[in-house]
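# Coordinate inspection notes
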Amino acid sequence: MPKLILSMDGLVLKEIILTNERTLIGRKPVNDIQIDNLSISGQHAVITHILGDAFLEDLNSTNGTYVNGQPVKKHVLHNNDVIELGKYRIKYMSDASTQGVSATELVDTAALKPFDAGMANPAETSTTRTTAPPPAHAETSSTGHLLEHVGVIQVLNGVNTGQELELSKSVTTLGKPGHHAAVITRREQGYFITHVEGEIYPSVNGEQLDAQARKLKDHDIIEIAGVKMEFFLRP
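For every chain, the first residue of the written sequence is number 1, and numbering continues from 1 along that sequence. At least 70 in pLDDT is required for a residue's local features to be given in this predicted model, at least 80 for side-chain atom pairs to be given and counted, and no such filter applies to totals for whole chains, interfaces and linings, which use all residues. Side-chain metrics in this entry use all non-hydrogen atoms of the structure; hydrogen atoms and water are not considered.

## Observations concerning the environment of Phe232
A helix here means a DSSP run of H or I that spans at least four residues, while a strand means a run of E at least two residues long, and both kinds are numbered starting from the N terminus. With respect to the helices and strands, the residue Phe232 is situated in strand E23 (residues 227-234). The buried label applies to any residue whose accessible area, calculated with a 1.4 Å probe on protein chains only, is under 20% of its type's maximum; exposed applies above 50%, and partly exposed to all values in between. Residue class for Phe232 comes out buried when judged on its relative accessible area of 3%. As a C-alpha pair, Phe232 and Leu216 span 16 residues in sequence and 8.8 Å in three-dimensional space.

## Comments concerning the nonpolar core
Buried Ala, Val, Leu, Ile, Met, Phe, Trp, Tyr and Cys residues that are joined via side-chain atoms within 4.5 Å together make up what is termed a nonpolar core. The biggest cluster of nonpolar side chains holds 20 residues, and the ones touching the most others in it are Leu4, Ile35, Ile47, Leu56 and Ile83. Elements with a contribution of two residues or more to this core: strand E1 (3-8), strand E5 (45-50), strand E6 (53-58), strand E10 (82-85) and strand E11 (88-93). Any pair of residues with heavy atoms lying within 4.5 Å of one another is described as a contacting pair. Sequence-distant contacts of Ile47, defined by excluding residues within four places in its chain, comprise Leu4, Leu18, Glu21, Arg22, Thr23, Ile25, Ala54, Phe55, Leu56, Leu77 and Ile83. Core analysis: the next-biggest nonpolar cluster, separate from the first, contains 17 residues, Ile153, Ala182, Tyr191 and Leu216 among them.

## Concerning unusual backbone geometry
Positive phi values are uncommon outside glycine, yet Asn60 reaches one of about 55°. The residue Asn60 is located in the loop between E6 and strand E7 (65-67) in this model. Given a relative accessible area of 67%, Asn60 falls into the exposed group. Positive phi is not limited to glycine here, since His219 has a value of about 75°. Take His219: it is sitting in the loop between strand E21 (214-215) and strand E22 (221-224). For His219, a relative accessible area of 32% translates into the label partly exposed.

## Description of the side chain of Thr48
With respect to the helices, strands and loops of the structure, Thr48 is situated in strand E5. Setting aside residues up to four positions removed in sequence, Thr48 forms contacts with Glu21, Arg22, Asp53, Ala54 and Phe55.

So, to be careful, I would describe these as geometric facts and stop short of saying anything about function.
Written as structure tokens, this is what we have:
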């Protein structure tokens, strides 16, 4: 499991295993990691851990949150990143068995694949979309039926209109780190979208996301930094 190492002035104070999806850091006792120091806000920052990936968010703290010497509001954590809160340091260490292999695929819209020939024109409504054959890697039962639907996003505007991306990874990141980014996670309960970086939060069907993960429904419209995408489930 990934872990955090809390230290001050080179002295290790505590090791914390990231077993929860959200780990709150701050001065108040309600936090998962309490740092009783006036330089630390009551609820200073939170680390969200999803399927092996970790995302740090500053909770509008008074003195700010830094990673490797740089101020951050939201940041995708990488192995050996050092979070700085006043005089305190928190080193993030990913699972040793997965170091060097990330479950996250960074997706820029330029990397999206064009539609297959069997797919409908993107200008048509989703109800008239021609069904494409199931992906070769999809798991099937003994009767040949798909065990689950595969999520897909298609770009609806801009130069990449009509391109699509199959959400086959456990975690898919949309956007660019340091600017505007969101993650779509594939879980047993379905697909969920979460804001990661950027001052402007993505929206789903015109409703802006908050800090919580939101479950995506078939034909939801996602908008990130002016780029609109439709999410749909491929049978």
